[in-house]
Every structure is written in C-alpha cells, then in structure tokens.
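Next come the chains, spelled out residue by residue.
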Amino acid sequence: MAQTAQKLVIKVTAGADAPERCSQAFTVASVAVASGVDVSLWLTGESAWFALPGRAEEFQLPHAAPLPELIEAVQAGGRITLCTQCAARRGITEQDVIEGVRIAGAQVFVSEIMPDDVRALVY
C-alpha cells in the first residue's frame with residue numbers, strides 16, 4: 001500500500017518574472033495548508049523578493065488571489081523559508097524579512113524533502 005504524503009515542500013523559483021508560475025506555487029501552498037497538510041514553502045530565485053515587507057503587495061496577476069493573502073494563509077499553518085544564497089545575492093538579511101520567514105540553506109531543504117512521507121514540488 002502506497003504511503004500518503006503528510007508533508008508538502010514547495011520550492012518557488014519564479015517571481016514577477018513568471019507571474020503565473022509564481023502565483024500557482026503560492027496558491028497550491030495555501031490550499032494545502034487549508035486542507036490540513038504540513039507545508040514548507042521555499043522562496044528561491046526571483047521569489048526571494050517576496051520575503052521583504054511590501055513586495056507581495058506590488059505583485060499583480062489578473063484572476064489570481066492577492067499574494068499577501070496567500071502568504072498569510074501559508075504562514076497560518078505552514079512555514080516560509082528564504083534560501084540563504086538567494087538572500088545573500090540580493091543583499092537580504094534576517095533583519096529585512098517579514099515576520100515568520102526564516103533563512104536557511106540547501107542542507108535544510110534536503111533534510112525536509114528526504115523523509116518517505118514528504119512530497120516536493122518545484123515551480
């Protein structure tokens with residue numbers, strides 16, 4: 001019998017440069033949280049900017065839920081992590097990010113995705 005995923009780790013690499021892909025990642029993460037799934041959302045690449053206050057409010061995509069609401073939904077029952085290297089390349093520090101966002105690297109990401117009860121998605 002196949003094991004059901006108990007945790008979902010989502011890595012979003014897209015930001016305003018690929019708005020549909022970006023929005024899909026945040027939407028799936030928020031729906032999973034609302035469904036009772038343990039969610040860990042990783043901000044990498046251009047999505048790293050959404051770890052900063054006010055940046056999600058600048059994101060616009062017709063017919064999509066507002067990014068600030070999706071972030072709030074994820075934080076209500078999941079975790080948001082900003083990639084260490086992505087933050088460093090953009091000059092983002094722990095003092096800069098919105099409350100509740102942690103900064104962590106590949107070792108933590110790998111440790112999150114390796115257990116048998118975890119599914120990982122990359123957008």
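Since the model is a prediction, treat every value here as computed from it, not as a measurement.

This brings us to the overall build of the protein. Secondary structure summary: the protein contains 5 helices and 5 strands in total. Written out in order from the N terminus, the α and β elements of the protein read β-α-β-α-α-β-α-β-α-β. Its C-alpha atoms put the protein at 45 × 35 × 25 Å along the principal axes. The buried share of the protein, reckoned over its 123 residues, is 39%. In the protein, 71% of the contacts between residues at least 6 apart in sequence involve partners at least 24 apart. Separation of charge centres in the protein, based on 9 positive and 14 negative side chains, amounts to 8 Å.

To continue, consider the pattern of salt bridges. Under the counting rule described, the total for this entry stands at 4 salt bridges. Its salt-bridge partner being aspartate 38, residue arginine 79 comes within 3.0 Å of it at the nearest N-O pair. Of this pair, arginine 79 sits in strand β3 (residues 79-83) while aspartate 38 sits in strand β2 (residues 38-43); the two residues are 41 residues apart in sequence, bridging distant segments of the chain. The salt bridge partner of glutamate 58 is arginine 55, with a shortest N-O separation of 3.6 Å. Note that glutamate 58 and arginine 55 are positioned in helix α2 (residues 55-58) at a spacing of 3 residues, about one turn of the helix. Classification of arginine 55 as partly exposed rests on a relative accessible area of 29%.

So, about the nonpolar core. In terms of nonpolar packing, the biggest core is built from 33 residues, with Phe26, Leu41, Leu43, Phe50, Leu67 and Leu82 touching the most fellow members. Elements supplying a minimum of two residues to this core: β1 (7-12), α1 (19-34), β2, α3 (67-77), β3 and α4 (84-89). In terms of residue count, the dominant contributor to this core is α1 (6 residues). Look past the residues within four positions of leucine 43 in its chain and what remains in contact with it is Val12, Phe26, Ala48, Phe50, Ala51, Ile80, Thr81, Leu82 and Cys83. Core analysis: the next-biggest nonpolar cluster, separate from the first, contains 5 residues, Val9, Trp42, Phe109 and Val118 among them.

Bringing the environment of arginine 102 into the picture now. Looking at the element boundaries, arginine 102 is found in strand β4 (residues 101-104). As for arginine 102 and arginine 79, which are separated by 23 residues in sequence, their C-alpha atoms are 8.3 Å apart. If near-sequence neighbours (up to four positions away) are discounted, arginine 102 is found in contact with Ser40, Trp42, Ile80, Thr81, Leu82, Val108 and Glu112. A polar side-chain atom of arginine 102 sits 2.6 Å from a polar atom in the side chain of threonine 81.

Next up on the list: the side chain of glutamate 112. Counting through the fold element by element, glutamate 112 comes out in helix α5 (residues 106-113). A distance of 2.6 Å separates the side chain of glutamate 112 from the side chain of serine 40, its partner in a polar contact. The residues touching glutamate 112, leaving out its near neighbours within four places in the chain, are Lys7, Val9, Ser40, Trp42, Arg102 and Val118.

Calculation notes
- Residues numbered from 1 in each chain as written.
- Predicted model: local features only at pLDDT ≥ 70, side-chain atom pairs only at ≥ 80, totals over all residues.
- Heavy atoms only, no water.
- Helix = DSSP H or I, 4+ residues; strand = E, 2+ residues; numbered from the N terminus.
- Buried < 20%, exposed > 50% of the residue type's maximum accessible area, 1.4 Å probe, protein only.
- Contact = heavy atoms within 4.5 Å.
- Lys, Arg positive; Asp, Glu negative; His and termini not counted.
- Charge placed at Lys NZ, Arg CZ, Asp CG, Glu CD.
- Salt bridge = Lys/Arg side-chain N within 4 Å of Asp/Glu carboxyl O.
- Core = buried A, V, L, I, M, F, W, Y, C linked by side-chain atoms within 4.5 Å.
- Polar contact = N/O pair within 3.5 Å; in protein donor to acceptor, adjacent residues only side chain to side chain.

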